[in-house]
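Next come the chains, spelled out residue by residue.
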Amino acid sequence: SSLGLPYAGGFYVTNYSLNGSTYALVVSPKSAGGMIEGRWSTSISQLVGADSLDDGFSNTNKMLANTSSRELALAVTNLRIGGFSDWYIPALHEMNLCDQFLSPRNTTLPLFDTASSSEGFAGSLYYTSSEINSSRAYVLDVRDGSVYRDWETDRKSTRLNSSHSAKSRMPS
């Protein structure tokens, strides 16, 4: 598929390698509910293992293991977008790829070229699923690509991803 075109329920970003396999990274359509907002955590308590910088799917599942205090991850659990229900909160490097290829400052694609475009990355700070310690998680600023360590108890937005191999991207 080509950058920014519809693919597997969202929009194709790029291919990337994870654990020796190549995946197509897909960003969720904002217009179909793929941009969510919430707190990474409602309390300060470290999630052991939700610290991958590359694997948002694994991190999101580890966040969900603590559903009583994981507001942002809970918002993902029942989402069905474009016929797919395998969306997750991106890890830092996955969010960085979305920013690198589709943020308004980096693309001229009409769907993404301004924050007010139908699929543009609006706002500034986006949560990732990558936890730093018991109180902070990584956030990415799509205005300039900066990465910050922000409080998990703050409310922020995120754009969901899916990154399975083409063979596993069958509607559920």
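One structure accompanies this document, and this report is about it. These numbers come from a predicted model, not from an experiment. (Residues numbered from 1 in each chain as written. Predicted model: local features only at pLDDT ≥ 70, side-chain atom pairs only at ≥ 80, totals over all residues. Heavy atoms only, no water.)

Here the focus is the sheet that holds strand S2 (residues 10-18). Pairing in this open sheet of four strands is antiparallel, and the strands run S1-S2-S3-S9 from one edge to the other. If you trace the sheet from one side to the other, it starts and ends with strand S1 (6-7) and strand S9 (161-162), each paired once. When strand S3 (residues 21-27) meets S9, the two strands line up antiparallel, connected through two bridges. Among the inter-strand pairings, valine 27 is bridged to a residue of S9, identified as asparagine 161. Across the face of the sheet, helix H3 (residues 92-102) comes into contact with S2, S3 and S9 while running at roughly 130° to S2. (Pairing = 2+ DSSP bridges. Helix = DSSP H or I, 4+ residues; strand = E, 2+ residues; numbered from the N terminus. Contact = heavy atoms within 4.5 Å. Axes fitted to C-alpha atoms, helices over the stretch in contact; angles between N-to-C directions.)

What follows deals with the pattern of salt bridges. Scanning the model with the defined rule gives eight salt bridges in all. Put simply, arginine 155 and glutamate 37 hold a salt bridge, and the shortest N to O gap is 3.5 Å. Taken as a pair, arginine 155 in strand S8 (residues 155-159) and glutamate 37 in strand S4 (residues 35-39) lie far apart in primary sequence, 118 residues in all. Exposure remark for arginine 155: the relative accessible area of 47% places this residue in the partly exposed category. The partly exposed category is assigned to glutamate 37, whose relative accessible area is 47%. Measuring nitrogen to oxygen at the nearest pair gives 3.3 Å for the salt bridge that ties glutamate 119 to arginine 159. On the criterion of sequence distance, the pair formed by glutamate 119 in the loop between H3 and strand S5 (125-131) and arginine 159 in strand S8 is long-range, its members being 40 residues apart. What makes glutamate 119 buried here is its relative accessible area of 2%. Taking relative accessible area as the criterion, arginine 159 reaches 0% and is therefore assigned buried. If you follow the salt bridges from partner to partner, you end up with Glu37, Arg39, Glu71 and Arg155 in one network. (Salt bridge = Lys/Arg side-chain N within 4 Å of Asp/Glu carboxyl O. Buried < 20%, exposed > 50% of the residue type's maximum accessible area, 1.4 Å probe, protein only.)

A word on the side chain of serine 135. Position of serine 135 relative to the elements: it lies in the loop between S5 and strand S6 (136-141). Residue classification places serine 135 among the buried residues on the basis of a relative accessible area of 13%. Ignoring anything within four residues of it in the chain, the contact list for serine 135 reads Ile44, Asp150, Trp151 and Glu152.

A few words on helix H1 (residues 56-64). Residues Gly56, Asn59, Thr60 and Met63 constitute the buried set of H1. Looking down the long axis of H1, one finds its buried residues gathered within 100° of arc, a one-sided arrangement. Contacts made by the buried residues of H1 are with helix H2 (71-77), H3 and S5. With a side-chain oxygen lying 3.4 Å from the backbone nitrogen of phenylalanine 57, the N-terminal cap of H1 falls on aspartate 55. (Arc of directions from axis to C-beta. Polar contact = N/O pair within 3.5 Å; in protein donor to acceptor, adjacent residues only side chain to side chain.)

Bringing the environment of glycine 56 into the picture now. Looking at the element boundaries, glycine 56 is found in helix H1. Using a relative accessible area of 0% as the deciding quantity, one classes glycine 56 as buried. Along the sequence, glycine 56 and methionine 95 sit 39 residues apart, while their C-alpha atoms lie 9.1 Å from each other. For glycine 56, the contacting residues outside a window of four places in its chain are Tyr88, Ile89, Pro90, Ala91, Glu94 and Ser129.

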